[in-house]
Amino acid sequence: VKLVLQAVCIMKGVKPARVKDDTGKMVEDYWGPSKLMVGDKDFLRSLQTYDKDAIPPPVIKRIETFLDLEDFQPDRVGKVSKACWGICMWVR
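Rules and cut-offs
- Residues numbered from 1 in each chain as written.
- Predicted model: local features only at pLDDT ≥ 70, side-chain atom pairs only at ≥ 80, totals over all residues.
- Heavy atoms only, no water.
- Axes fitted to C-alpha atoms, helices over the stretch in contact; angles between N-to-C directions.
- Helix = DSSP H or I, 4+ residues; strand = E, 2+ residues; numbered from the N terminus.
- Parallel < 35°, antiparallel > 145°, perpendicular 65-115°, else oblique.
- Contact = heavy atoms within 4.5 Å.
- Nonpolar A, V, L, I, M, F, W, Y, C, P; charged D, E, K, R; others polar.
- Salt bridge = Lys/Arg side-chain N within 4 Å of Asp/Glu carboxyl O.
- Buried < 20%, exposed > 50% of the residue type's maximum accessible area, 1.4 Å probe, protein only.
- Pairing = 2+ DSSP bridges.
- Phe/Tyr/Trp six-rings, centres within 6.5 Å; stacked < 30°, edge-to-face > 60°.

Draft legend 1. Main features of the packing of helix 1 (residues 2-12) against helix 4 (residues 57-67). Helix 4 packs onto helix 1 with a crossing angle of 170 degrees between their chain directions and a minimal axis gap of 10 Å. Here helix 1 lies roughly antiparallel to helix 4, going by the angle between them. Here Leu-3, Gln-6, Ala-7, Ile-10 and Met-11 of helix 1 lie close against helix 4, whose contacting residues are Val-59, Arg-62, Ile-63 and Phe-66. Looking at the contact of helix 1 with helix 4 residue by residue, the class counts come to seven nonpolar, one polar and one charged.

Structure below.
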């Protein structure tokens, strides 16, 4: 679920939070921003009206790194969350 929402954040230009990991190193964390994004009353509408023909090349390049990940395969995502399966398919 986190991976799928991270991909949506990237596509929609939602900035990650900067948090410390277990080693104290600052890392990008999309979980907090993604929860806010999904909680927006217009979230589903924003997916429906997303201009898929105007995705910037750097965003496409970042999303391509997700496509081969085992945890980003629709069948696997669907076992965890049917709603997230649909969002995963939207990203693809």
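Draft legend 2. Expanded view of the packing of helix 1 against helix 2 (residues 31-39). Packing of helix 1 against helix 2 brings their axes to within 9 Å, and their N-to-C directions diverge by 75 degrees. Overall, the two elements helix 1 and helix 2 adopt an arrangement that is roughly perpendicular. Counting all contacts with helix 1, which are made through Lys-2, Leu-5, Val-8, Cys-9 and Lys-12, the residues of helix 2 involved are Trp-31, Pro-33, Ser-34, Met-37 and Val-38. Residue classes in the contact of helix 1 with helix 2 are distributed as seven nonpolar, one polar and two charged.

Draft legend 3. Broad picture of the pattern of salt bridges. All told, the structure shown has four salt bridges when counted by the stated rule. Linking Arg-45 and Asp-42 is a salt bridge whose minimum nitrogen-to-oxygen distance equals 3.9 Å. The exposed category is assigned to Arg-45, whose relative accessible area is 53%. Residue Asp-42 is classed as partly exposed on the basis of its relative accessible area of 28%. A salt bridge links Arg-76 to Glu-70; its shortest N-O distance comes to 2.3 Å. By relative accessible area, Arg-76 is classed as partly exposed at 38%.

Draft legend 4. Inspection of the pairing of strand 2 (residues 26-29) at higher detail. The sheet contact formed by strand 1 (residues 17-20) and strand 2 spans four bridges and is antiparallel. Pairing of Ala-17 across the sheet is with Asp-29, part of strand 2. Hairpin connection from strand 1 to strand 2: five residues lie between these consecutive antiparallel strands, with Gly-24 at a positive phi of about 90 degrees.

Draft legend 5. Here's a closer look at the packing of aromatic side chains. This model, assessed by the stated rule, comprises two aromatic pairs. Taking the centre distance of 5.2 Å and the plane angle of 75 degrees together, the rings of Tyr-50 and Trp-90 count as edge-to-face. Within this pair, whereas Tyr-50 is found in the loop between helix 3 (43-48) and helix 4, its partner Trp-90 is found in helix 6 (residues 82-91), the two being separated by 40 residues in sequence. The exposure class assigned to Trp-90 is partly exposed, which follows from its relative accessible area of 25%.

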